[in-house]
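Given next are the chains, with one letter for each unit.
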Amino acid sequence: DGGITQSPKYLFRKEGQNVTLSCEQNLNHDAMYWYRQDPGQGLRLIYYSQIVNDFQKGDIAEGYSVSREKKESFPLTVTSAQKNPTAFYLCATSTFQEQFFGPGTRLTVL
Amino acid sequence: EDQVTQSPEALRLQEGESSSLNCSYTVSGLRGLFWYRQDPGKGPEFLFTLYSAGEEKEKERLKATLTKKESFLHITAPKPEDSATYLCAVQDDNNAGNMLTFGGGTRLMVKP
């Protein structure tokens, strides 16, 4: 089964905790992205990576961190510095232009 | 700064009642305009890419068109299974990372 996998599907976090969201792809795409979606809103870019060992901040990077040690993997850490982390998180990969999305992780802060 | 505005925010249609969704955009140089469909609790599903004014693309009951300032997603004789949120996004020519700027989406509900 090919494509983009995100885990877990649902994640609950206590205030003050860091949590890591997983994103894995077997599409052999170079570029990977993390977006945040709030209820009834569009997607906002958190971080992106065009090649291994390189990544750039998006529009709302504060309180988040990423790594890109392998082409297939682009994990996102939501740190305790993120003031309002409850949201739906989407990972994407891209060919030259089109972006393809994973199934998402819904994070809830208790 | 790139901007994308979608209207209406929500649209209720009867099955078979055709309509259009609007996506207005501001971008310094358009590399591509993208349409996605998103079902509740799922990731967006790619529908179309449009590259230049005058271009049209079709898929089943959906047809996307593009002008220099906006794009329309026309839905002909919709069915209840077309109910979803439709997202529009643009990619700027001056953007090194192939990043997309998204609109807020149009939530479409088709009643039988």
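Everything discussed here concerns the structure shown above.
Caption draft 1: Structural view of the overall build of chain A. Each helix and strand counted, chain A has zero helices and eleven strands in total. When the helices and strands of chain A are placed in sequence order, the string is β-β-β-β-β-β-β-β-β-β-β. Relative to the globule expectation of 13 Å for 110 residues, the C-alpha radius of gyration of chain A, 13 Å, shows essentially globular dimensions. Seen along its three principal axes, the alpha-carbon backbone of chain A occupies a region of about 35 × 25 × 25 Å. When each of the 110 residues of chain A is scored for burial, the buried share is 50%. In chain A, the proportion of contacts linking residues at least 24 apart, taken out of those at least 6 apart, comes to 51%. In the form shown here, chain A has an accessible surface area of approximately 5,500 Å², with 48% of it arising from carbon and sulfur atoms. In chain A, 11 positive and 11 negative side-chain charges are present, and the distance between their average locations comes to 8 Å.

Caption draft 2: Structural context of the pairing of strand 2 (residues 10-14) of chain B. Residue and element names in this part refer to chain B. Residues Leu11 and Leu13 line the buried face of strand 2, whereas the alternating positions Ala10, Arg12 and Gln14 sit on a face that is not buried. Pairing of strand 2 with strand 11 (residues 106-111) involves five bridges; the strand directions are parallel. The residue of strand 11 that forms the bridge with Leu11 is Leu108.

Caption draft 3: Spotlight on unusual backbone geometry. In this structure, A:Pro8 follows A:Ser7 across a cis peptide bond, with omega equal to -5°. If you trace the backbone, A:Pro8 turns up in the loop between strand 1 (4-7) and strand 2 (10-13). Geometrically, the link from B:Ser7 to B:Pro8 is a cis peptide bond, its omega value of -10° lying close to zero. As for its position among the elements, B:Pro8 is in the loop between strand 1 (3-7) and strand 2. Of note, B:Glu60 is a non-glycine position whose phi angle comes to about 55°, a positive value. B:Glu60 sits in the exposed class, given a relative accessible area of 71%. Positive phi outside glycine occurs at B:Ala77, with the angle close to 45°. Tracing the sequence through the fold places B:Ala77 in the loop between strand 8 (70-75) and strand 9 (84-92).

Analysis parameters
- Residues numbered from 1 in each chain as written.
- Chains lettered and ligands numbered in written order.
- Predicted model: local features only at pLDDT ≥ 70, side-chain atom pairs only at ≥ 80, totals over all residues.
- Heavy atoms only, no water.
- Helix = DSSP H or I, 4+ residues; strand = E, 2+ residues; numbered from the N terminus.
- Rg over C-alpha atoms; globule rule 2.2 N^0.38 Å.
- Buried < 20%, exposed > 50% of the residue type's maximum accessible area, 1.4 Å probe, protein only.
- Contact = heavy atoms within 4.5 Å.
- Areas by Shrake-Rupley, 256 points an atom, 1.4 Å probe, with all protein chains shown as cover.
- Lys, Arg positive; Asp, Glu negative; His and termini not counted.
- Charge placed at Lys NZ, Arg CZ, Asp CG, Glu CD.
- Pairing = 2+ DSSP bridges.

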